[in-house]
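# Survey of secondary and tertiary structure
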Amino acid sequence: MPDAALWQSGCMDTAPQNPAQDTARLSGRNTKGHTALSGSQFFRMAHRLSDAVNDVRIQIAKRWKFVPQTIAYQGYGSTTRVRVLGRVLLTQKPLPGSKAEHEARNGNQNVRGWRAFTGVPLQFSDVEITIGDVVTHVTADRGGLIDTEVDVQLSPGWHTAVLRAEGTDPAEALIQVIAPGVEFGIVSDIDDTVMVTALPRPFLALWNTFVLSERARMATPGMAVLLDRLTIEHPEAPVIYLSTGPWNAAPTLARFLTRNMYPKGALLLTDWGLTQDRWFRSGQDHKHRNLERLAQEFPDMRWLLIGDNGQHDEAIYSAFATENPDKVAAIAIRQLSVSESVFAGGHSEDGDHTTSRVPWIYSPDGAGIAKQLTMLDLLKG
């Protein structure tokens, strides 16, 4: 990798999870396509710096012959409206005929974490979304992210959305359409829940995110089997992987989940960058906001919420369950081991949930969670 490309592996300036709402709050577009922002002088300066850095990175990327690429992520929705996710980046493609190209084509690449951060977001790109006979045009936000809803009539099951920005090859993403009568869904955290990373510790977080090979990441014992059993017994249930990890890591996480035989599911990640809605974002707010959104999108759904006791999952899930007890089937918390707790900077204490209207489950692995879910009739024995 050229030195300039290495320099580009700095933190990304990606977009808010709810671009339409957050962009309206934080910014407006002027006639030159730049962003005119309200708010404190500090954050206005941060936005300007972010845009300037991105402009420089784009120039360097073009000099190194990076090419535009549309990346599509798995989405979900109802029979009348679906959520479509993707990004538009400048990326360095493998040389034709190279080993890297062969491995990428076959999904066998073993990628170091920092490579996920070398792409440069193309801000405000026009993106065409095609789902069946419906064609929609949207604008990627200032981080190159597409997070939009499309009104479309679809039957329950799996469908394909095709995303294409100008100058890019079309990218296909699966869309899981949930039938109106489905009443059970699964939301799972990723770090320290389905994948052992001990992410909260700062230096270890940097190592795991930027250095560690994706094949070196370990699956949490029993969790893939647990989720597989749940989807077999509830075949129409959506699986949502909700994490505070950055969108840059989405391809790596998707390959990890597939390689370790986790069920297909939409990734809902968050954003890194120089501004209030990125580096200064609230990961807890990101999770809570998406849980509330799922509750609104599927008002009859009861969710199994799966997390761990190494970060804030207990507090987030508890707050959501208190506000929406009829929308939570159970809360399952994976307990970190002593060593994992040390690496993670400690863990939260198992709370007293005797007054909770929602069942709580604690176990160090998927097998223990499965056993307790059986007692709640959410799994067969």
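Here the structure is shown first, and the text comes after it.
A brief look at the structure comes next. (Residues numbered from 1 in each chain as written. Predicted model: local features only at pLDDT ≥ 70, side-chain atom pairs only at ≥ 80, totals over all residues. Heavy atoms only, no water.)

### Focus: the environment of phenylalanine 184
Mapped onto the fold, phenylalanine 184 is located in strand E11 (residues 184-188). Judged by its relative accessible area of 8%, phenylalanine 184 falls in the buried class. For the pair phenylalanine 184 and lysine 327, spaced 143 residues apart in sequence, the C-alpha separation works out to 9.2 Å. Once residues lying within four places of it in the same chain are set aside, the contact partners of phenylalanine 184 are Leu230, His234, Ala237, Pro238, Met301, Arg302, Leu304, Ala329 and Leu378. (Helix = DSSP H or I, 4+ residues; strand = E, 2+ residues; numbered from the N terminus. Buried < 20%, exposed > 50% of the residue type's maximum accessible area, 1.4 Å probe, protein only. Contact = heavy atoms within 4.5 Å.)

### Details of the sheet that holds E11
Spatially, the six strands line up as an open sheet ordered E15-E14-E11-E16-E17-E18, and their pairing is parallel. Among the strands making up the open sheet, the edge pair consists of strand E15 (266-270) and strand E18 (360-363). With strand direction ignored, the average angle separating the axes of adjacent strands in the sheet is 20 degrees. Here six bridges tie strand E16 (residues 302-308) to strand E17 (residues 328-334), and the two strands are oriented parallel to one another. Bridge pairing links tryptophan 303 to valine 328 in E17. Packing against the sheet, helix H6 (residues 223-233) makes contact with E11, strand E14 (239-246) and E16, and its axis sits at approximately 160 degrees to E11. (Pairing = 2+ DSSP bridges. Axes fitted to C-alpha atoms, helices over the stretch in contact; angles between N-to-C directions.)

### Here's the deal with the pairing of E11
With five of five residues buried, E11 is to be regarded as a mostly interior element. Burial of E11 is two-sided: the residues Phe184, Ile186 and Ser188 facing one way and the residues Gly185 and Val187 facing the other way are all buried. Of the pairings in the sheet, the one linking E11 to E16 comprises five bridges and is parallel in character. Bridged to phenylalanine 184 within E16 is arginine 302. Two strands pair when backbone bridges link them, and E11 and E14 are joined in this way by three bridges, in the parallel orientation. Paired with isoleucine 186 across the two strands is valine 239, which belongs to E14.

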